[in-house]
Amino acid sequence: MSDLLELVREDLRGFGGYQSARSQALQGDLWLNANESAWASPADPGSTSRRYPDPQPTALRSALARLYSCDEASLLIGRGSDEAIDLLVRALCTPGRDAVLVTPPVFGMYAVSARLQGAPLVEVPLRQAASGLHADMQAIQQAALESRAKVVFLCSPSNPAGSAIALEEIERLAAALQGRALVVVDEAYGEFSDLPSATTLQQRQANIAVLRTLSKAHALAAARIGVVIADPALIGVLRCCQAPYPVPTPCAELALAALAPATLEQTRRRVELVRNERERLRAMLGALPGVVAVYPSQGNYLLVRFVDAGAAFRALLDAGVVVRDQRAVPRLGDALRITIGSPEQNDRVICALRLQEAAA
Ligand SMILES: Cc1ncc(COP(=O)(O)O)c(C=O)c1O
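Residues numbered from 1 in each chain as written. Predicted model: local features only at pLDDT ≥ 70, side-chain atom pairs only at ≥ 80, totals over all residues. Heavy atoms only, no water.

1. Topic: the overall build of the chain
Right, on to step 1. When helices and strands are counted, the chain shows ten helices and 13 strands.
Right, on to step 2. Taking 21 Å as the expected radius of gyration for a compact globule of 360 residues, we find that the chain reaches 22 Å, a close match to that expectation.
Right, on to step 3. Summarising its shape, the C-alpha atoms of the chain cover approximately 75 × 55 × 30 Å along the three principal directions.
Right, on to step 4. Pairs at least 24 apart in sequence give 68% of the contacts found in the chain among residues at least 6 apart. (Helix = DSSP H or I, 4+ residues; strand = E, 2+ residues; numbered from the N terminus. Rg over C-alpha atoms; globule rule 2.2 N^0.38 Å. Contact = heavy atoms within 4.5 Å.)

Next up, the structure:
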């Protein structure tokens, strides 16, 4: 057994999962093996949804493998990266024993999945520096080894902090944890980042898994298409832990259309616009007297500290602008996270904050 498969829960080794009707390689022209309806729904004249879908739609899987420059065998499609996070925790962590390591303040689903699995949660807070909040790689390594964490989540670019982790640092951590933990690099915002993907490390370090999603740069949050890219042996295990038909046909078709060359080109141009707007908004926010700090960001959002974050939040809300209130998050009591919108939307943000400051 490879080093990597030894990280899988002992009680799941050899587990084959559910064998759906679609997973059997049978031939025929009259399919009466899955208790589907003989007729299309009147609401579905194109009859795209009468039959259960391919568990991993072939064309979509190839298109995603091309997009992320990986082998098809290294990729599993799920219902957003949320499902991938959950699958990884479930497949690797024995309840009550194997820990999940997170780096708060960070995306909350890692901790939710750990809680649901009964996996102890180890927190290694981001380190505060003048340039923002950064992963403390030495402390992560030490805590992971001491706590015998099985899954280490690195969010890069980090939500909500905006910082990204250099590939050398990720590789060093994965090497130190080889045979002990899987390092999961969540690249939900990777398209907006200057740094290359951690998939480029996987040849050398098999204990790295990478999460990608079509929810952000590709503007398909409602389609719920995310992927985990990892060693094919681990992908096989995750597939056995996944629901039988995780990718609805209408979602797969939409995702495939989003990966056509012309659409991808438009997405690339929009990403460029967001990156430019991010810097424009950062400069404008930084010039406001009521802003204490606005950190550099590699994502499509900015983390902003205010003299009075409550007043800024209310002023934005009064102007109809809803941003993410971070005040209840430890160490972010003065912060809001603002998603980068279109140029006009970003102007509205600035306008509302300037008006509030002028009135104060
Ligand atoms: C860092 C991070 N990872 C994963 C997700 C979940 O994305 P998906 O829509 O692919 O489930 C989000 C959503 O906000 C996120 O911020």
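2. Observations regarding the pairing of strand E8 (residues 208-213)
Right, on to step 1. Here E8 lies mainly inside the structure; six of its six residues are buried.
Right, on to step 2. Here E8 shows two buried faces, one formed by Ile208, Val210 and Arg212 and the other by Ala209, Leu211 and Thr213.
Right, on to step 3. Across four bridges, strand E7 (residues 182-186) lies against E8 in parallel orientation. Following the sheet pairing, aspartate 186 is matched in E8 by leucine 211.
Right, on to step 4. Judged from the four bridges that link them, E8 and strand E9 (residues 225-229) form a sheet pairing that is antiparallel. Along E9, the bridge assignment pairs valine 210 with isoleucine 229. (Buried < 20%, exposed > 50% of the residue type's maximum accessible area, 1.4 Å probe, protein only. Pairing = 2+ DSSP bridges.)

3. Quick word on the site of the ligand
Right, on to step 1. In the vicinity of the ligand, 13 residues are found, and the nearest of them are Ser81, Asp186, Tyr189, Thr213 and Ser215.
Right, on to step 2. In this structure, serine 81 approaches the ligand through a main-chain N or O atom, which is 2.7 Å from an oxygen atom.
Right, on to step 3. Between the ligand and arginine 224, the relevant distance is 2.7 Å, taken from an oxygen atom to a side-chain nitrogen or oxygen of the residue.
Right, on to step 4. When isolated, the ligand has an accessible area of 400 Å², and the protein chains bury 92% of it.
Right, on to step 5. By residue number, the principal contributor to the shell around the ligand is helix H2 (residues 80-92), which donates three residues.
Right, on to step 6. Across the shell around the ligand, the residue classes break down as four nonpolar, five polar and four charged. (Near = heavy atom within 4 Å. Polar contact = N/O pair within 3.5 Å; in protein donor to acceptor, adjacent residues only side chain to side chain. Areas by Shrake-Rupley, 256 points an atom, 1.4 Å probe, with all protein chains shown as cover. Nonpolar A, V, L, I, M, F, W, Y, C, P; charged D, E, K, R; others polar.)

4. Focus: the nonpolar core
Right, on to step 1. Grouped together as the largest cluster of nonpolar side chains are 53 residues, with contacts concentrated most on Leu64, Val152, Ile170 and Ile225.
Right, on to step 2. Setting aside its immediate chain neighbours within four residues, leucine 64 contacts Leu75, Ile77, Leu214, Ile225, Val227 and Leu259.
Right, on to step 3. Val100, Ala119, Leu211 and Val228 belong to the second-largest nonpolar core, a separate cluster that totals 33 residues. (Core = buried A, V, L, I, M, F, W, Y, C linked by side-chain atoms within 4.5 Å.)

5. Things to note about the side chain of glutamine 205
Right, on to step 1. Structurally, the position occupied by glutamine 205 is in the loop between E7 and E8.
Right, on to step 2. Apart from the residues within four sequence positions on either side, glutamine 205 is in contact with Glu171, Ala174, Ala175 and Gln178.

6. Observations regarding the sheet that holds strand E13 (residues 335-339)
Right, on to step 1. Here four strands make up an open sheet; going across it, the order is E10-E11-E13-E12 and the pairing antiparallel. Each end of this open sheet is capped by a strand with a single partner; those strands are strand E10 (291-294) and strand E12 (324-325).
Right, on to step 2. Relative to E13, E12 is paired through two bridges, and the arrangement is antiparallel. Note that in E13 the partner of arginine 324 across the bridge is arginine 337.

7. Some thoughts on the sheet that holds E8
Right, on to step 1. What the seven strands build is an open sheet, ordered E1-E9-E8-E7-E6-E2-E3; its pairing is mixed. Since the sheet does not close on itself, it has two edges, and those belong to strand E1 (75-79) and strand E3 (121-123), each with one partner. Sheet twist, expressed as the average angle between the axes of neighbouring strands with direction ignored, equals 25°.
Right, on to step 2. Bridge count for strand E2 (residues 99-102) against strand E6 (residues 149-155) is three bridges, and the pairing is parallel. (Axes fitted to C-alpha atoms, helices over the stretch in contact; angles between N-to-C directions.)

8. Considerations on the pattern of salt bridges
Right, on to step 1. By the definition in use, this model includes 21 salt bridges.
Right, on to step 2. A salt bridge links arginine 97 to glutamate 10; the nearest nitrogen and oxygen atoms lie 3.4 Å apart. Here glutamate 10 lies in the segment before helix H1 (58-67) and arginine 97 lies in the loop between H2 and E2, a separation of 87 residues in the sequence.
Right, on to step 3. Taking the relative accessible area as the measure of exposure, arginine 97 reaches 43% and is therefore partly exposed. (Salt bridge = Lys/Arg side-chain N within 4 Å of Asp/Glu carboxyl O.)

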